[in-house]
Amino acid sequence: MEDAALRSLLRQSSTLKKPKSPSTCKAFFKMFKLFPLLSSGCKMVALLGRPRKALLTNSATTGTFYGYRNGRVILAIQDDPKCFPNFVIELPLLTNALHKEMASGLVRIALESETRTSKRKLLEEYVWAVYCNGKKTGYSIRRKQTYDDEIHVMQLLRGVSMGAGVLPAGPNEKETLIDGELTYLRARFERVVGSKDAEAFYMINPDGTSGPDLCIFFVRQ
């Protein structure tokens, strides 16, 4: 079964831009530092070699990271910034820690689900192991219901397509005394579907300007 799945992924990636040499490929994988995930049937193969596309397309997806500075960061993914997110999860990663990783200019966040079922789409899975730049940070559960902080942030950012900054305190103002300011980062992401068990989101920098290289990977074993 794994051989058949690998052949299927390789056929999907045949139209993608291939690396120029074996040495370039090895350097590419080393940079991503995702070896814990690459052992899961090599599902990332079709994602890592995506071609360059237009900066903004109608199929681009909006991703938002937000959270109190000393609290955990929350990731929300939505097809339209004016609609409620179709995927929300609190990551086992402090907001300050994510800010430090982004200061390095290269951030790879990977979520791996150990559940294997044909009844749910990949982003409908609930339990995820989370990695940041190759280091496992813990496990998270996708939110199944709406929370006040989600509504608060999404309402404030309803007209924002991309940007970063500080937001007014949420419904529970006591959190600001403990965890500091409520910060956010919102950007547009190019979505690449490698298979029903592997997807990736690549942050799009506006107008081709340089900025943090941020990618989010979803993999199901």
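Per an unreviewed UniProt entry, the protein chain goes by the name Protein MIZU-KUSSEI 1 and belongs to Papaver nudicaule.

Undergrad: Teacher, can you tell me more about helix H5 (residues 95-103) here?
TA: Every α-helical turn comprises 3.6 residues, leaving residues that sit three or four positions apart pointing alike. Within H5 the residues assigned to the buried category are Thr 95, Leu 98 and Met 102. Angular distribution of buried residues about the axis of H5 spans 60 degrees; they occupy a single face of the element. Opposite the buried face of H5, at more than 90 degrees from it, the exposed residues are Lys 100 and Ala 103. On its buried side, H5 packs onto strand E1 (61-68), strand E2 (72-78), strand E3 (87-94), strand E4 (106-113), strand E8 (182-195) and strand E10 (213-220). Phi turns positive, to about 90 degrees, at Gly 105, one or two residues after H5.

Undergrad: Looking at this model, I keep getting lost on a nonpolar patch on the surface. Mind explaining?
TA: A surface patch of nonpolar side chains, about 300 Å² in accessible area, is lined by Val 127, Tyr 139 and Ile 141. Its location among the elements puts Val 127 in strand E5 (residues 127-132).

Undergrad: Even after reading the chapter, I still don't get the packing of aromatic side chains, so can you show me in this structure?
TA: Aromatic ring pairs: the centre-centre distance and the angle between the two ring planes describe each pair. One pass over the structure, following the stated rule, counts 5 aromatic pairs. Geometrically, the ring pair formed by Phe 87 and Trp 128 is edge-to-face, given 6.2 Å between the ring centres and 80 degrees between the ring planes. Within this pair, whereas Phe 87 is found in strand E3, its partner Trp 128 is found in strand E5, the two being separated by 41 residues in sequence. Each of the two residues, Phe 87 as well as Trp 128, counts as buried. Ring centres 5.5 Å apart and planes at 80 degrees place the aromatic pair Trp 128 and Phe 218 in the edge-to-face group. Within this pair, whereas Trp 128 is found in strand E5, its partner Phe 218 is found in strand E10, the two being separated by 90 residues in sequence. Exposure class is identical for Trp 128 and Phe 218. Each is buried. Put simply, the rings of Phe 87, Trp 128, Phe 201 and Phe 218 touch in pairs and so form one group of aromatic residues.

Undergrad: Just checking my understanding: could you explain the nonpolar core for this structure?
TA: Across soluble globular proteins, you tend to see nonpolar side chains buried next to one another. Judged by nonpolar contacts, the single largest core of 26 residues is most densely connected at Phe 65, Leu 91, Leu 111, Leu 214 and Phe 218. Of all elements in the fold, only E2, E3, H5, E4, E5, E8, strand E9 (198-204) and E10 reach the threshold of two or more residues within this core. A total of 4 residues in this core trace back to one element, the largest contributor, which is E3. Among residues more than four places away in sequence, those in contact with Phe 218 are Ile 77, Phe 87, Leu 111, Leu 122, Leu 123, Trp 128, Asp 197, Ala 198, Glu 199 and Phe 201. Listed in part, the 11 residues of the second largest apolar core include Ala 76, Met 154, Leu 157 and Leu 182.

Undergrad: Would you mind going over the environment of Arg 158 with me for this structure?
TA: Along the chain, the position of Arg 158 falls in the loop between helix H6 (148-156) and strand E7 (163-167). Arg 158 sits 76 residues away from Lys 82 along the chain, and the two C-alpha atoms are 5.1 Å apart. Within the structure, Arg 158 has its side chain in polar contact with the backbone oxygen of Lys 82 (distance 2.9 Å).

Undergrad: Would you mind showing me how to read the pattern of salt bridges here?
TA: Considering all chains together, one arrives at 10 salt bridges under this definition. With a closest N to O distance of 2.7 Å, Arg 220 and Asp 197 form a salt bridge. Of the two residues, Arg 220 is situated in strand E10 and Asp 197 in the loop between E8 and E9; the sequence distance between them amounts to 23 residues.

Cut-off values and rules
Residues numbered from 1 in each chain as written. Predicted model: local features only at pLDDT ≥ 70, side-chain atom pairs only at ≥ 80, totals over all residues. Heavy atoms only, no water. Buried < 20%, exposed > 50% of the residue type's maximum accessible area, 1.4 Å probe, protein only. Helix = DSSP H or I, 4+ residues; strand = E, 2+ residues; numbered from the N terminus. Arc of directions from axis to C-beta. Contact = heavy atoms within 4.5 Å. Patch = residues over 30% accessible without salt bridge, like charges linked within 9 Å, V, L, I, M, F, W, Y side chains within 5 Å. Areas by Shrake-Rupley, 256 points an atom, 1.4 Å probe, with all protein chains shown as cover. Salt bridge = Lys/Arg side-chain N within 4 Å of Asp/Glu carboxyl O. Phe/Tyr/Trp six-rings, centres within 6.5 Å; stacked < 30°, edge-to-face > 60°. Core = buried A, V, L, I, M, F, W, Y, C linked by side-chain atoms within 4.5 Å. Polar contact = N/O pair within 3.5 Å; in protein donor to acceptor, adjacent residues only side chain to side chain.

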